[in-house]
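Reading the structure
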Amino acid sequence: MVYSSLRNQGQVPAQQVGMNVKMWISNLVSDLFKTLDARKREGFQGGFEPIPDVCLFSPGIEGDWRRRNNRATLRHLLLAIEVKASERSGGRLSAREIVFDIEKLAAHRQEAQARGSTFHPVMMVIDTAPLLAERMMGASLKQAQDAARELSVSLLYLSPSETLEAVLG
């Protein structure tokens with residue numbers, strides 16, 4: 001939905017928008033990515049690969065965001081969006097999973113900055129479950145807002161009764 005909106009309504013060229021773009025990063029500097037790398041089996045350590053749900057790139061990427069082109073992919077990244085949607089029957093989005101994505105976005109930006117570039121990280125929560133009991137609790141949303149503010153990550157929240165646009169970073 002986000003990708004389609006950017007392409008069709010935002011008229012973003014296909015060569016500048018990607019979904020689930022894998023960005024291998026070695027020589028990690030962020031504590032979070034170092035910790036996640038250390039959890040992997042020995043033969044698979046040596047870096048981390050964030051995979052944002054939607055990415056916008058500068059025209060210089062020319063549609064080439066392959067894993068093998070990882071330095072250019074990170075250098076041309078302008079916007080990384082993580083999306084969470086309330087889609088579980090009988091369950092709801094938790095603060096823990098939203099905050100973890102916010103932390104990953106902040107660590108990803110830290111890695112880009114360590115390499116001389118930066119991008120804008122965005123956490124998008126689409127909380128439109130049909131039942132109120134399946135939507136985020138107010139306390140969970142507050143925790144997500146606090147984490148986003150602390151880490152300078154933009155948080156966009158949409159539910160049938162509430163829209164929150166907290167552009168923080």
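See the structure printed just above.
Structural notes, computed from the coordinates. Since we're looking at a predicted model, the values are computed, not measured. (Residues numbered from 1 in each chain as written. Predicted model: local features only at pLDDT ≥ 70, side-chain atom pairs only at ≥ 80, totals over all residues. Heavy atoms only, no water.)

Between its terminal C-alpha atoms helix α4 (residues 95-114) stretches 28 Å, which fits the 28 Å expected from 20 residues at 1.5 Å a residue. Backbone geometry just downstream of α4 places Gly116 in the positive-phi region, at approximately 90 degrees. (Helix = DSSP H or I, 4+ residues; strand = E, 2+ residues; numbered from the N terminus. Expected span 1.5 Å × (residues − 1).)

Summarising the element assignment, Ser58 is placed in the loop between β4 (54-57) and α3 (70-76). For Ser58, the contacting residues outside a window of four places in its chain are Gln16, His76 and Leu78. (Contact = heavy atoms within 4.5 Å.)

Next up on the list: the nonpolar core. If you look at the biggest cluster of nonpolar residues, it comprises 35 residues, and the most contacted ones within it are Phe57, Ile98, Ile102, Met123 and Val125. Put simply, the parts of the chain that give this core at least two residues each are α2 (31-38), β4, α3, β5 (77-85), α4, β6 (120-126), α5 (138-151) and β7 (154-158). If we ignore the near neighbours within four places in the chain, the residues touching Met123 are Glu82, Val83, Lys84, Ile98, Asp101, Ile102, Leu105, Val153, Ser154, Leu155 and Leu156. Membership of the second largest hydrophobic core comes to eleven residues, among which are Leu6, Val54, Val122 and Ile126. (Core = buried A, V, L, I, M, F, W, Y, C linked by side-chain atoms within 4.5 Å. Buried < 20%, exposed > 50% of the residue type's maximum accessible area, 1.4 Å probe, protein only.)

Taken as a whole and judged by the stated rule, the model has two aromatic pairs. Judged by centre distance (4.4 Å) and plane angle (35 degrees), the ring pair of Phe33 and Phe48 falls under tilted. Of this pair, Phe33 sits in helix α2 while Phe48 sits in strand β3 (residues 47-48), placing them 15 residues apart in sequence. On the basis of relative accessible area, Phe48 is assigned to the buried category, the value being 15%. Look at Phe57 and Trp65: their rings are 5.0 Å apart centre to centre, the planes differ by 10 degrees, and that puts the pair in the stacked class. (Phe/Tyr/Trp six-rings, centres within 6.5 Å; stacked < 30°, edge-to-face > 60°.)

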